[in-house]
Amino acid sequence: MEDALYEQPIFRIAGDRGMLVEYGNAIDPAINRKVRAVVMAMTREMPAGVLELIPTYRSLIILYDPAVTAPPALKDAVLSLEERLSEIEIPQPDTVEIPVCYGGDFGPDVAYVAHIHDLTVEEVIRIHSEPLYPVYMIGFTPGFPYLGGLSERLRTPRLSTPRTSVPAGSVGIANAQTGIYSITSPGGWQLIGRTPSKLFDPERPDPFLLKAGDRLKFKPISADEYVRAGHPASPIQTKPGFSGFMDMFKVSEPGAYTTVQDRGRHGYQQFGVPPTGALDQSAFRVANMLVGNHEDAAVLEITFSGPSLEILTDADVAVTGAEMPVSLNDQLMGAWTSFRVSQGDRLSLGQTKGGCRAYLAVTGGIDVPMVMGSRSCYVGANMGGFHGRPLAKGDIIPRGEGIPDAAPRHLPEQLIPRCASEILLRAIPGPQEDFFDEGLETFFTSAFTVSANANRMGYRLQGPTIRHREGFPESIVSEPSLPGGVQVPADGQPIVLLVEQTVGGYAKIATVISADIPLVAQAMPGDKVRFEQVDIEAAHAAFREQETRIRRMKEEIRTGRRVHPEKGPAIGQSPEDWMQNPENFMEKIHQHLLQI
């Protein structure tokens, strides 16, 4: 493939809610100016149905509502802007100096970079810190800058297998790119140093230290200077002692991994802030319907095994999603139905019998502060939710204002989705399907197993090696990632991306349709996954069918109330031991969840 500014943009399908528009295939100032000009022009005349514009080095992803628009209309809108781009004035850049301590524990890969380029470590530091780098885009994590201008002498491939945790402030190299990890997160770049500067802080009036179009200068500092300049990381945005409408739960036991989630945090992906939100949006929405909330109200997302909660005030609650036994004062209760809880009661959820994530809704919704338009917890940045973290023993969880229903609500048995251990996911090829030939056939004809490395950022699968087409690179110039995107690293094992990733540098062979993301959310390590190829029309039809089904659920819940005792029907016995060594398995899952 040849690096160039294309005469005409290339349009690629990125699932059923995104369209990728490429203006070139290189990290080049002219290409990036074109991208930024298009974004500014589209922002002034936003086409109907466009939800968000996410610019990168050389491309633009348009997020859209499939109920309003479709790729042909978006393509026409982009092409109609071409004649007016000369009228767009790009703002003058700011210059920001970033101190960096290179090498040692701060830059464990600097010696490797020096070795493969036949340089000394000192030469790597000098070459890396000399340029004035343009900030081409922000992404991957909140405030993470992708920089142009890296010397050819330092271009170094990504790691074949990404690290599970890279410290905040780490400065890395990936092929022709260099950048800074703004928060602690997984990553596959070669790490050469670290900065004490805080690139992202939602408590600041402007949460982001850098923006696209800025210029960045690295300043080498010593380890002693790093320590003197450093500021210890601390949870952000949510202050201790906040209170909602009224205290609802006291956490006796938090479960394996329980967080506050709502519909998601949208509009900030261009700054590296992921959408977050409930992974199984269908179960999340129905849980709120069952207790009479707005569908967007915050809930508890409960992973693998649930919490034990002391009830502090009267309310209705409902549990949907994974098949977790629910007990109130040691009496088993029904799922997918609301029931009354009273002050002094004890509500407990056990280990899943099927599926991975359950959703607990309460009258008025979980009431925690809004951060960037959402109550969703993003643990990777310690933001949103309850103090930016999973629930812990002793936490007091408030609920919002609302009046419990006069009678319980329930979802009819025939409408309740069931979790399976063998899952068929519909997927649209692309946006980089041309990077694969035989690999594409392998992907759509093989069975894969969900690995233990599965969390809200993505699910790593294990199975036959998916090989890249001969002559095509194993990675791409970094671009936005959407939930459902299936990236294939150099090791050939696919990763289904979810709601806590914004940018990636591996080719994406396909994108799981949005209607099937809940199936991914409920998959457990050891489950089998197959992919079925569909086109954009079929994906949009599935989206409409899903919305019709949810509307039917809402109507059935509204009209199908039944009167039954407050302490509800039993649903069976406690979960059986379905693994040979469940304690060891649970500990492994818990450790992986803590790495999110």
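See the structure shown above.
Not measured: the values here are computed from a predicted model.

Undergrad: How should the sheet that holds strand β20 (residues 331-333) be read in this particular structure?
TA: Adjacent strands of a sheet pair through backbone hydrogen bonds, lying either parallel or antiparallel. The antiparallel open sheet is built from six strands, whose spatial order is β20-β19-β22-β17-β14-β24. Every interior strand has two partners, whereas the edge strands, β20 and β24 (396-399), have only one. Here the strands of the sheet are splayed against their neighbours by 30° on average, with no regard to which way each runs. Inspection of the sheet shows strand β19 (residues 326-328) paired to strand β22 (residues 346-349) by three bridges, in the antiparallel sense. By the bridge assignment for β22, Ser327 is matched with Ser348.

Undergrad: Just checking my understanding: could you explain helix α6 (residues 281-290) for this structure?
TA: Residues lying three or four places apart along an α-helix face the same way, a consequence of the helix completing one turn every 3.6 residues. The element α6 is largely enclosed, with a buried count of nine among its 10 residues. Looking only at α6, the buried set comprises Ser282, Ala283, Phe284, Arg285, Val286, Ala287, Asn288, Met289 and Leu290. Where α6 terminates, the next one or two residues include Gly292, which has phi positive at roughly 80°.

Undergrad: Just checking my understanding: could you explain the pattern of salt bridges for this structure?
TA: Once their charged atoms are close, side chains differing in charge can pair, the charge on each being opposite to the other. The tally for this structure, following the rule as stated, stands at 29 salt bridges. A salt bridge links Arg126 to Glu130, with the nearest nitrogen and oxygen atoms 3.2 Å apart. Classification of Arg126 by relative accessible area gives partly exposed; the value is 39%. Note that Glu295 and Arg285 form a salt bridge whose closest N and O atoms lie 2.7 Å from each other. Here Arg285 lies in helix α6 and Glu295 lies in the loop between α6 and β16 (299-303), a separation of 10 residues in the sequence. The same class applies to Glu295 and to Arg285, which are both buried. Linked by salt bridges that have partners in common, Arg12, Glu22, Arg58, Asp434, Glu479 and Lys508 make up one network.

Undergrad: I'm lost on the side chain of Arg36 in this one. Help?
TA: One can find Arg36 in helix α1 (residues 29-44). Although Arg36 is buried, it forms no salt bridge, and the closest oppositely charged side chain is Asp214 at an N-O distance of 7.5 Å. Contact partners of Arg36, with chain neighbours within four places excluded, come to Ile90, Pro91, Ala212 and Gly213.

Undergrad: When you look at the nonpolar core in this model, what are you seeing that I'm missing?
TA: Taken as a class, soluble globular proteins show a tendency for nonpolar side chains to be buried jointly. Counting residues in hydrophobic clusters, the biggest one holds 54 residues, and the most contacted among them are Phe443, Tyr459, Ile509 and Phe531. Take this core: its biggest share by element is six residues, from α6. Met248, Ala315, Val362 and Ile397 belong to the second largest nonpolar core, which has 29 residues in total.

Undergrad: Sorry if this is basic, but what is going on with the environment of Tyr136 here?
TA: Positionally, Tyr136 belongs in strand β6 (residues 133-138). Sequence-wise, Tyr136 and Pro55 are 81 residues apart; in three dimensions their C-alpha atoms are separated by 8.8 Å. Once residues within four sequence positions are removed from consideration, Tyr136 is found in contact with Ile27, Asp28, Pro29, Asn32, Thr56, Tyr57, Tyr146, Leu147, Gly148 and Ala212.

Undergrad: Mind showing me how you'd approach unusual backbone geometry here?
TA: Backbone geometry follows two general trends: most residues other than glycine have a negative phi, and most peptide bonds adopt the trans configuration. Cis peptide bonds are those with omega within 30 degrees of zero, and the linkage from Gly430 to Pro431 qualifies with 15°. Located in the positive-phi region is Thr276, a residue other than glycine, with phi close to 50°. Although it is not a glycine, Asn382 sits at a positive phi angle of roughly 55°. One can find Asn382 in the loop between β23 (357-362) and β24. Owing to a relative accessible area of 31%, Asn382 belongs among the partly exposed residues under this scheme.

Undergrad: Help me understand the packing of aromatic side chains, please; the structure alone is not making it clear to me.
TA: Each aromatic ring pair is specified by the distance between its two centres and by the angle formed by the two planes. In total, this model carries 16 aromatic pairs according to the counting rule given. Measuring from centroid to centroid gives 5.6 Å for Tyr146 and Trp189, while their planes differ by 70°, and the two rings are edge-to-face. Residue Tyr146 is found in strand β7 (residues 145-147), and its partner Trp189 is found in the loop between β11 (185-187) and β12 (190-194); the two are separated by 43 residues along the sequence. Pair check on accessibility: Tyr146 and Trp189 agree, each one buried. Clustering of aromatic rings is evident, with ring pairs tying together Tyr57, Tyr136, Phe144, Tyr146, Tyr181 and Trp189. Sitting above the plane of the Tyr506 ring, Arg158 keeps its charged end 5.6 Å from the centroid.

Here is what the cut-offs are and how they apply
- Residues numbered from 1 in each chain as written.
- Predicted model: local features only at pLDDT ≥ 70, side-chain atom pairs only at ≥ 80, totals over all residues.
- Heavy atoms only, no water.
- Pairing = 2+ DSSP bridges.
- Helix = DSSP H or I, 4+ residues; strand = E, 2+ residues; numbered from the N terminus.
- Axes fitted to C-alpha atoms, helices over the stretch in contact; angles between N-to-C directions.
- Buried < 20%, exposed > 50% of the residue type's maximum accessible area, 1.4 Å probe, protein only.
- Salt bridge = Lys/Arg side-chain N within 4 Å of Asp/Glu carboxyl O.
- Lys, Arg positive; Asp, Glu negative; His and termini not counted.
- Contact = heavy atoms within 4.5 Å.
- Core = buried A, V, L, I, M, F, W, Y, C linked by side-chain atoms within 4.5 Å.
- Phe/Tyr/Trp six-rings, centres within 6.5 Å; stacked < 30°, edge-to-face > 60°.
- Lys NZ or Arg CZ within 6 Å of the ring centre and 35° of its normal.

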